[in-house]
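As a plain string of letters, each chain reads:
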Amino acid sequence: YQRSVHGVRLLEANPAAPLAAYVDAISLEELHLPLPALRRSGCIVDILVAQTPDFTVALWFLPPGMGLPLHDHPGMHVLFRLLYGDLNYRSYSTCSSISSPATAGHPINARTAVDEVLAAPAASLHIAPGTGDIHTLHAKTECVFLDVMTPSYGPERPCSYYRATGSSDCLQLHRVPACKADCVT
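Residues numbered from 1 in each chain as written. Predicted model: local features only at pLDDT ≥ 70, side-chain atom pairs only at ≥ 80, totals over all residues. Heavy atoms only, no water.

### Brief notes about the environment of D169
For the record, the criterion: Only runs of H or I of at least four residues qualify as helices and only runs of E of at least two qualify as strands under DSSP, and these elements are numbered from the N terminus. Summary of the burial criterion: residues with accessible area below 20% of their type's maximum are buried, those above 50% are exposed, and those between are partly exposed, where the area comes from a 1.4 Å probe applied to protein chains only. By definition, residues are in contact when any of their heavy atoms lie within 4.5 Å.
One can find D169 in the loop between β12 (161–167) and β13 (170–176). Using a relative accessible area of 60% as the deciding quantity, one classes D169 as exposed. Expressed as a C-alpha distance, the spacing of D169 and N109, which sit 60 residues apart in the sequence, is 10.0 Å. Each residue touching D169, except ones within four places of it in the same chain, is listed here: A110 and R111.

In structure tokens:
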């Protein structure tokens, strides 16, 4: 049984579907996050829950008006679940079945896969290679989300950042230098 929401396949279509059931059962309350301290920080906070070469589990806190720049998950499967708040979620899928990373002067041709406001609690989104695996998030309200990624980022699989140009049905994603703290808005 395959199911998709706005062009992004959900994990029910994946053999790892039982993992989505566990992720979807997690509540913000049972995570015991120190929300008052996170609010006082005024910053984006990434809490690493677990990491091996095979997978990474992380919680993210985004204050209102802040977000993560356009970035990728090369060759990775990601379960993304918004646990709290509302955010603008925009993802892109490559236009070709051959998904090669953008290099200087050679952008990735992509199309918008999802461009909407997500409201918590939301079901997990499954992000697969070439299918919504380049995305940006911008918090409308205070947000908390969970990422489960496999395999993990590493020297052979670095995270890249992009700038989008062109029309929404035919975009070019140009790689930009590694993101610094001041580019997270």
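The rest of the description comes next.
### Description of the pairing of strand β4 (residues 56–62)
This is how it is decided: Pairing between strands is defined by DSSP: at least two bridges between them are needed.
For β4, a buried count of seven out of seven residues is recorded, marking the element as mostly surrounded by other parts of the structure. The two faces of β4 match: T56, A58, W60 and L62 on one face and V57, L59 and F61 on the other face are all buried. With six bridges connecting them, strand β3 (residues 45–51) and β4 associate as antiparallel partners. Paired with A50 across the bridge in β4 is V57.

### Side note on the sheet that holds strand β11 (residues 143–150)
This is how the line gets drawn: Orientation is described by lines fitted to C-alpha atoms, with helices fitted over the stretch in contact, and by angles between N-to-C directions that extend from 0 to 180 degrees.
Taken in spatial order, the five strands of this open sheet run β3-β4-β11-β6-β9, and their pairing is antiparallel. Since the sheet does not close on itself, it has two edges, and those belong to β3 and β9 (125–127), each with one partner. Taking the axes of each pair of neighbouring strands and ignoring which way they run, one obtains an average angle of 20 degrees across the sheet. Alignment of strand β6 (residues 77–84) against β11, held across seven bridges, turns out to be antiparallel. In the strand pairing of β11, F80 is matched with D147.

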